[in-house]
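Structure assessment
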Amino acid sequence: MQNENWLKELEEMFLSNEKVRAIGEIGLDYYWTPEEKEEQKVCFRAQMALAQRLGAPVIIHDREAHGDVLEIMKEFPEVVGVVHSFSGSLEMAKEVMKLGYYIPDRFSEGYGMSKKAVDDMFAHGTKLIVTVDTGITAIEEIDYANSLGMEVVVTDHHECREILPRAVAVVD
């Protein structure tokens, strides 16, 4: 690990900036760096422990590491969030959702925010939505979430329009 203070810096960033509302994108990616599996697991566990200690939701990335991701998620039962770019099995999806995580459904919800997703999250008591790679054009959906008392943080690299969504923060 190049920077031994990375976890402390992450914590300080979370605590010192009211616009930082979640920890992520965290997780495991065995596709690009399979030789670093053990180091990735150490980092992921540390990030999950930080999220648990801070009471922060997480945004989890899982690429070709399904079993290890699920195992680590189960070690931190108080942590919830979103698992994006999910490609695990139906059985794993059920396990992930039992733990309180949200997995966007590309077939029924499409590629982006949807009122259905907002309704599902609201029904489960979600107070904060953090988008991953979407949301910059979701003006109506974010207004709808706001009308339900939910806050939204948009993280998206796509082109902005003239009008930005009314989110707590927009990172583009």
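1. With respect to the packing of aromatic side chains
- By the definition in use, this model includes one aromatic pair.
- Ring centres of Tyr31 and Trp32 lie 4.8 Å apart, and the angle between their planes is 90°; on these two criteria the pair is classed as edge-to-face.
- For Tyr31, a relative accessible area of 38% corresponds to the partly exposed category.
- The ring of Tyr144 carries the charged tip of Lys115 above its face, separated from the ring centre by 5.5 Å.

2. Describing the pairing of strand β3 (residues 81–84)
- Here four bridges tie strand β2 (residues 58–63) to β3, and the two strands are oriented parallel to one another. By the bridge assignment, Val58 is partnered in β3 with Gly81.
- In this view, the connection linking β2 to its parallel neighbour β3 by way of helix α3 (residues 66–74) has right-handed handedness.

3. What to know about the pairing of strand β1 (residues 23–29)
- Of all seven residues making up β1, five are buried, and the element is well covered by its neighbours.
- Pairing geometry for β1 and β2, over six bridges, is parallel. In the strand pairing of β2, Leu28 is matched with Asp62.
- Regarding the hand of the β-α-β motif, the stretch spanning β1, helix α2 (residues 37–54) and β2 is right-handed.

4. Overview of the sheet that holds strand β5 (residues 151–155)
- Taking strand neighbours across the sheet as the criterion, the three strands line up as β4-β5-β6 in an open arrangement whose pairing is parallel. Two strands in the sheet have a free side with no partner beyond their single neighbour: β4 (128–130) and β6 (169–171). Each strand of the sheet is rotated relative to its neighbour by a mean of 10°, with strand direction disregarded.
- In the sheet, β5 pairs with β6 via three bridges, with the strands oriented parallel.

5. Thoughts on the side chain of His61
- For His61, the position within the fold is in strand β2.
- Owing to a relative accessible area of 15%, His61 belongs among the buried residues under this scheme.
- At 3.0 Å, the side chain of His61 forms a polar contact with the side chain of Asp29.
- Beyond its immediate chain neighbours, meaning those up to four positions away, His61 contacts Glu25, Ile26, Gly27, Leu28, Asp29, Val69 and His84.

The rules we used
Residues numbered from 1 in each chain as written. Predicted model: local features only at pLDDT ≥ 70, side-chain atom pairs only at ≥ 80, totals over all residues. Heavy atoms only, no water. Phe/Tyr/Trp six-rings, centres within 6.5 Å; stacked < 30°, edge-to-face > 60°. Buried < 20%, exposed > 50% of the residue type's maximum accessible area, 1.4 Å probe, protein only. Lys NZ or Arg CZ within 6 Å of the ring centre and 35° of its normal. Pairing = 2+ DSSP bridges. Helix = DSSP H or I, 4+ residues; strand = E, 2+ residues; numbered from the N terminus. Right-handed = clockwise from strand over helix to strand, strands pointing away. Axes fitted to C-alpha atoms, helices over the stretch in contact; angles between N-to-C directions. Polar contact = N/O pair within 3.5 Å; in protein donor to acceptor, adjacent residues only side chain to side chain. Contact = heavy atoms within 4.5 Å.

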